[in-house]
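# Observations on the model geometry
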Amino acid sequence: MFPLKHWQSVSGGTDRRPRLQTFWLDGNFLTSLPEELGSLQQLSCLGLSFNNFCELPAICEKLVVLDKLALAGNLLETLDLAVLNRMSHIKSVDLSNQLQCVPDWACEAKKLEVLDVSYNLLVELPPRILSSLSLRKLMVGHNRLQSLPPLLEHIPLEVLDLQHNLLTQLPETLFVKALNLRYLNASANSLESLPSACTGEESLSMLQLLYLTNNNLTDQCIPVLVGHPSLRILHLANNNLQTFPASKLSKLEHLEELNLSGNKLKTIPTTVANCKLLHTLIAHSNEISIFPEILHLPRIQFVDLSCNELTEILIPEALPGTLQELDLSGNTNLVLEHKTLDIFSHITTLKIDAKPSLTADSALTSTFWSHGVAEMAGQRNKLCVSSLALGSFAEGVEAVYGMFDGDKNEELPRLLQCTMADVLLEEVQQSDTMFMSNTFLVSHRKLGMAGQKLGSSAVLCYIRHDAADPASNFSLTVANVGTCQAILCRSGKPLPLSKVFSLEQCPEEAKRVKEQKAIITEDNKVNGVTCCTRMLGCTYLHPWILPKPHVNSIPLTVQDELLLLGNKALWEHLSYTEAVSAVRHLHDPLAAAKKLCTLAQSYGCQDNVGAMVVCLNISEDNCTCEMHGLTLPGPGGFSSTTTKPATPSSSSGIASEFSSELSASEVSSEVGSTASDEHNAVGLDGSLLPRQERRCSLHPVPPSSIFQRQPSSATFSSNQSDNGLDSDDEQPVEGVMTNGSKVEVEVDIHCCKGKGLELEPPAAECGSSAPGPEDDSGLVLIIRRQNSVNSNTVQRAVKEKCELQKSLSTCCLYGKKLSNGSIVPLEESLNLIEVATEAPKKKTGYFAAPSQMEPEDQFVVPPDLEEEVKEQMKQQQENGADQEQKEEHAATLPEEFDTAL
């Protein structure tokens, strides 16, 4: 019961005229109202939503000035509204409950202008409701309506919301009788056609906003749209449109926003150039192959043509100064020229596909999960939502996904996007149980001055193997504060993983804040700032606003299909069930995320909206273990005669864990050794090397003393050239230097525990570091640069083996290949090639192959000296070859198995 101890102070006292005009009593579990309420003779707005009323209190009859009454959320199937029959002065009423029919008084009210009966159980509307001469706004969305009564006479209706019903058609005379209709939302129905707006040659329609997303409309509805020449916003997303006639589009000259996404359009008509007022064009997830002529429009600001089939773009010499965002991601066949990229560089936000990574990490993680992100600013001028998506995280098969919503500030979401993954990586290494809570607390502290007065909601998802049981399946840990949420689709049904921390949806938090004497303003916000009770930032509102997250951890199963992340605006307009069913059948996660945002906007969202879709494929079908029946040829192309087949090459796209008893770290899957299939195993007692059973990431191998090679792609990639400049726009031949020479790097990794592979290094070089009887490391790493004058000798190889045996860790190899094919040392933050033999805890470093001279740096020989120079070079090469032969005969070479990177 709402506390009424100070009712006289609220009403203004009984001895003087009360002046209260607006009084909200929402969410207080009220069942009745006190008699003192009748003394508020100037009260014009009364909110009684989300209480426990079974009937409208009779005291409301005394409020003769009352014209707006809110009774939503009382959760009653029937509501006795007899009092309203005697309140003829009511103009606006909200009855969003569980009503099965519209009350009779609503049809007879003479002054009723706004009627909201959405979110009920209505199956039909009384015919008289659409004949009211006073009703201007009718909200009947989220019901079970299958049809609407016909309109027999002209009505002053201006706003009609019919979304989320079962309508197959609209009344034939809707646009003819409702000439004042300016807003119509019939999204999420089953409409197949639209009524005509013209009775003669000229249309009198004043319709400006038309939302028809998620229906069954075809091309036949397009000519009808011409009857609405005043249209400013048109949403036809997720229908069955295949063409949009050019002659029809040219007549919609007042269009400002056009959404045609999720159809089967192959082109946008060239007559779109006639829409001089168009500022937003959204046409993602179609089959468009020709870039539309929209860059000539003087007011164009936002263009989304993602997930299409674009191959090229014809652009003017200068882009319009109003263009702020151009989204071309998801067009796999699109190739942008240097000139085009240079012109697009002036756009504030340009979204294009990144160059695909050829590392083994990306190939492996893409097998288990892939993600797509969509963020739309809506009607606001700035985007205050940021996302974090790392499908390949840390050194193992792990992933991190997050979403951050700053409400009205964009600084904190961007800061969290840049820093939270690094904080998580540090905390995981320090704690296996509290790492997620610590990640939020440390991130909150690192916001510094920016987090004093600004705040942000956040949700963070971390996928990894269970640290306590490496042989287990993947586990998902989710933590959140504020209103960002994560939903898991398991067996086609939504499974909420997060908790909404707000005054409206969390009674425990509301009670805590009130007990701590916080100020709750009339719009239900803490100190008038935010409705959230837990956020990152807003330090000055402590202890009312806390950064402590809600943490939930569950194991992933074969039934898990999708992971959905979204901000407050997304989940306010889409239910969990609708979101899952809308994208479950889509194979492209980017198109799925785009669809969620588009649906939210068509359903009435005007705020920033963000969505992330992670497609999960955690099933035994992706298992590549040899124990699951996969057999591969052994070395030399012959089938292995042992029970443990050879490890496949990197081209197979299969990777296994790299483990050793002597190693404190794992070899990164970005650059590892590739098992060579070109060498036979003859000479080793006529048998193959004994190898450990290869496992996939679904069934990892527990740590053991047996060395296991990790296959990886033999291609490095980098965005840096030798001079440190960006060279993404270069297209050299793979692995070839700019001067035509080619650099190859070989890494030979031998497991000397195999029979007959133990090397006995000279005592002079190994000394006391030679392995003893109990030393079972047996690891040799030989790094050689082919085609080089100074090749590695056996003494160097033996020396490297001894150096490796001095350390308790094996090498971590991280590599980037430059655009010209050379390998050079870069910074630690760039995740580069390294051999960490002397620092067990350090996981970065480098080795380098000598870079080649650029053509302009080479010595130019005069024509008259060419013969002499050639003779000297030939003699030098012969001397070098003789020296190499002498060194080779001076040492006994053990049999080696080379693996070329």
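All figures in this text were calculated on a predicted structure; none of them were measured in a lab. Residues take numbers from 1 onward in each chain, read along the sequence in its written order. Local features in a predicted model are, by the rule used here, given only for residues with pLDDT of at least 70; side-chain atom pairs are given and counted only at 80 or more, and totals for whole chains, interfaces and linings are based on all residues. Excluding hydrogens and water, the side-chain figures rest on all heavy atoms present in the structure.

### Structural notes on unusual backbone geometry
With an omega dihedral of 10°, the bond running from H542 to P543 counts as a cis peptide bond. Topologically, P543 is positioned in the loop between β23 (536-537) and β24 (550-555). One non-glycine residue, S491, lies in the positive phi region at around 55°. Secondary structure elements are defined from DSSP: runs of H or I of at least 4 residues count as helices, runs of E of at least 2 residues count as strands, and each element is numbered from the N terminus. Considering the arrangement of structural elements, one finds S491 in the loop between β21 (485-490) and β22 (493-496).

### Things to note about the environment of D432
Positionally, D432 belongs in the loop between α9 (411-430) and α10 (435-446). With a 1.4 Å probe rolled over the protein chains alone, any residue whose accessible area is under 20% of its type maximum counts as buried; one over 50% counts as exposed, and the rest are partly exposed. Under the relative-accessibility criterion, D432 is labelled partly exposed at 49%. Between the alpha carbons of D432 and D466 there is a distance of 9.3 Å; along the sequence they are 34 residues apart.

### Looking at the pattern of salt bridges
Within this document, salt bridges are pairs made up of a side-chain nitrogen of Lys or Arg and a carboxyl oxygen of Asp or Glu, the two lying within 4 Å of each other. All chains considered together, the criterion is met by 13 salt bridges. Residue R232 is joined to E256 by a salt bridge in which the shortest nitrogen-to-oxygen separation is 3.5 Å. Of this pair, R232 sits in the loop between α5 (222-225) and β10 (233-235) while E256 is found in the loop between α6 (246-249) and β11 (257-259), placing the two residues 24 residues apart along the sequence. E325 serves as the salt-bridge partner of K351, at 3.3 Å between the closest nitrogen and oxygen. Within this pair, whereas K351 is found in strand β15 (residues 349-351), its partner E325 is found in strand β14 (residues 325-327), the two being separated by 26 residues in sequence.

### Here we look at the side chain of K177
Position of K177 among the secondary structure elements: in helix α4 (residues 174-177). Whether two residues touch is decided by their heavy atoms; if any such pair falls within 4.5 Å, the residues are in contact. Here K177 is in contact with L151, L152, E153, H154 and I155, once residues within four sequence places are set aside.

### What about the sheet that holds strand β25 (residues 560-566)?
Read from one edge to the other, the open sheet built from five strands follows the order β16-β26-β25-β21-β22, with strand pairing classed as antiparallel. The sheet is open, and its two borders are formed by β16 (369-376) and β22, each paired with just one other strand. The mean inter-strand angle of the sheet, taken between neighbouring strand axes irrespective of direction, is 20°. Across the sheet, helix α15 (residues 589-602) is in contact with β16 and β26 (609-616); its angle to β16 comes to roughly 30°. Two strands qualify as a pair provided DSSP detects at least 2 bridges between them. Lines are fitted to the C-alpha atoms to define the axes, a helix being fitted only along its stretch in contact, and any angle between axes, read from their N-to-C directions, falls within 0 to 180 degrees.

### Side note on the nonpolar core
Core analysis: the largest hydrophobic core is formed by 102 residues, its most contacted members being L46, L115, L184 and L236. Contributing elements (two or more residues each) for this core: α2 (82-85), α3 (105-108), α4, α5 and α7 (338-344). Among residues more than four places away in sequence, those in contact with L46 are F23, L37, C60, L63, L66, K68, L69 and A70. Here, nonpolar core means buried Ala, Val, Leu, Ile, Met, Phe, Trp, Tyr and Cys residues that are tied together by side-chain atoms lying within 4.5 Å of each other.

### Some points on the environment of T539
Here T539 lies in the loop between β23 and β24. Sequence separation of T539 and G455 is 84 residues, and the distance between their C-alpha atoms is 8.2 Å. Pairing of N or O atoms within 3.5 Å defines a polar contact, subject to two protein rules: one partner must be a possible hydrogen donor and the other a possible acceptor, and residues neighboring in sequence count only if both atoms are side-chain atoms. A distance of 2.9 Å separates a polar side-chain atom of T539 from the backbone oxygen of G451.

### Side note on helix α12 (residues 507-515)
The complete set of buried residues in α12 reads E509, A510, R512 and V513. The arc that holds the buried residues of α12, viewed along the axis, is 160°, so those residues lie on one side. For α12, the exposed residues set more than 90 degrees away from the buried face come down to P507, E508, K511, K514 and E515. Immediately downstream of α12, the backbone of K517 shows phi near 65°, a positive value. This arc corresponds to the set of directions leading from the helix axis out to the C-beta atoms.

### With respect to the pairing of strand β18 (residues 399-405)
Where burial is concerned, most of β18 is hidden: seven out of the seven residues are buried. Alternating positions in β18 separate into two faces, A399, Y401, M403 and D405 on one and V400, G402 and F404 on the other, with burial throughout. Examined bridge by bridge, strand β17 (residues 385-390) and β18 share six bridges and lie antiparallel to one another. Bridge assignment links S386 to a residue of β18, and that residue is F404. With seven bridges connecting them, β18 and strand β19 (residues 455-465) associate as antiparallel partners. Bridge pairing in β19 places G402 opposite L460.

### Section: the packing of aromatic side chains
Note on aromatic contacts: the rings of Phe and Tyr and the six-membered ring of Trp form a pair at centre separations within 6.5 Å, being stacked when their planes are under 30 degrees apart, edge-to-face when over 60 apart, and tilted otherwise. One pass over the full model with this rule turns up seven aromatic pairs. Measuring from centroid to centroid gives 6.0 Å for F368 and W369, while their planes differ by 45°, and the two rings are tilted. As far as the burial class goes, F368 and W369 line up, both buried. Members of the aromatic cluster, each reached through a chain of ring pairs, are F368, W369 and F474.

### Quick notes on the packing of α9 against α10
At a minimum axis distance of 9 Å, the contact between α9 and α10 shows a crossing angle of 135°. The pairing of α9 with α10 is recorded here as oblique in orientation. Here the hand of the crossing between α9 and α10 comes out right-handed. Contacts from L416, M420, V423, L424, E426, E427 and V428 in α9 reach F435, M436, N438, T439, F440, V442, S443 and K446 in α10. Each residue gets one label: Ala, Val, Leu, Ile, Met, Phe, Trp, Tyr, Cys and Pro are nonpolar, Asp, Glu, Lys and Arg are charged, and the others, such as Gly, are polar. Across the contact of α9 with α10, the residue classes tally to nine nonpolar, three polar and three charged. In this scheme, roughly parallel covers angles under 35 degrees and roughly antiparallel covers those over 145, while 65 to 115 is roughly perpendicular and the rest are oblique. Crossing handedness follows the turn of the near helix against the far one: under a right angle anticlockwise gives a left-handed crossing, and clockwise gives a right-handed one.

### Here we look at a negative patch on the surface
A grouping of D864, E866, E867, E871, E878 and D882 is seen on the molecular surface, where their side chains present a negatively charged patch. Looking at the secondary structure, you find E866 in helix α18 (residues 866-889). Take E866: its relative accessible area is 35%, and that puts it in the partly exposed class. Patch members must show over 30% relative accessible area and no salt bridge, and they are joined within 9 Å when carrying like charges or within 5 Å when they are nonpolar side chains of Val, Leu, Ile, Met, Phe, Trp or Tyr. Using a 1.4 Å probe, accessible areas were evaluated by the Shrake-Rupley method; residue-level cover was limited to the displayed protein chains. Charge convention: Lys and Arg are scored as positive, Asp and Glu as negative, and His as well as the terminal groups of each chain are ignored. Think of each charge as sitting on NZ of Lys, CZ of Arg, CG of Asp or CD of Glu.

### Let's talk about the packing of helix α14 (residues 576-583) against α15
α15 packs onto α14 with a crossing angle of 135° between their chain directions and a minimal axis gap of 9 Å. Judged by the inter-axis angle, α14 sits oblique to α15. The handedness of the crossing between α14 and α15 comes out as right-handed. Contacts from A579, A582 and V583 in α14 reach A592, K595, L596 and L599 in α15. Considering only residue class, the contact of α14 with α15 consists of six nonpolar, no polar and one charged.

### Quick word on the pairing of β22
Bridge analysis of β21 against β22 gives four bridges, and the strand direction is antiparallel. Looking at the pairing, R490 lines up with K493 of β22. Between β21 and the antiparallel strand that follows it, β22, lie two residues; S491 among them carries a positive phi value of about 55°.

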